[in-house]
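Residue strings, one per chain:
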Amino acid sequence: MFGRTKKRPGPPTVTLIGKPGCHLCDDARAVIEQVCAETGAVWEERDILQDEELHRAYWEQIPVVLVDGEQHTFWKVDAERLRRELERRG
């Protein structure tokens, strides 16, 4: 489900995996929103409290950021690194 994927048509997709009340997730969301707006990438958010598989896989790493289903980073999102990855994929 979240392993390596083939290049999809259209812009890259960034997935933020987190949970409500997580200040690191709030910080990550702000960076993702900004970088996606600048690059034209789309983003979505997934709540580990609503998905048992995500909870098992990522509980100790949240927030986790995936780009097109591949893990990009966790805990802290570096805007410049994310921007480079999205431009590479775009």
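The following refers to the structure shown. (Residues numbered from 1 in each chain as written. Predicted model: local features only at pLDDT ≥ 70, side-chain atom pairs only at ≥ 80, totals over all residues. Heavy atoms only, no water.)

**Description of helix α1 (residues 23-39)**
In a regular helix each residue adds 1.5 Å, so 17 residues correspond to 24 Å; α1 covers 25 Å between its end C-alpha atoms and thus fits that length. Residues of α1 that are buried: Cys25, Ala28, Val31, Ile32, Val35 and Cys36. Around the axis of α1, the buried residues are gathered within 125° of arc, so they sit on the same side. For α1, the exposed residues lying more than 90 degrees away from the buried face are His23 and Ala37. At its buried positions, α1 is contacted by β1 (13-18), β2 (42-47), β3 (64-67) and α3 (79-89). Of the residues trailing α1, Gly40 is marked for its positive phi of about 85°. (Helix = DSSP H or I, 4+ residues; strand = E, 2+ residues; numbered from the N terminus. Expected span 1.5 Å × (residues − 1). Buried < 20%, exposed > 50% of the residue type's maximum accessible area, 1.4 Å probe, protein only. Arc of directions from axis to C-beta. Contact = heavy atoms within 4.5 Å.)

**Some thoughts on α3**
Here α3 has its buried residues at Leu82, Arg83, Glu85, Leu86 and Arg89. Angular distribution of buried residues about the axis of α3 spans 165°; they occupy a single face of the element. α3 presents Glu87 and Arg88 as exposed residues on the side facing more than 90 degrees away from its buried surface. Buried residues along α3 sit against β1, α1, β3 and β4 (70-74). One side-chain oxygen of the residue at the start of α3 lies 3.1 Å from the amide nitrogen of Glu80, identifying that residue as Asp78. (Polar contact = N/O pair within 3.5 Å; in protein donor to acceptor, adjacent residues only side chain to side chain.)

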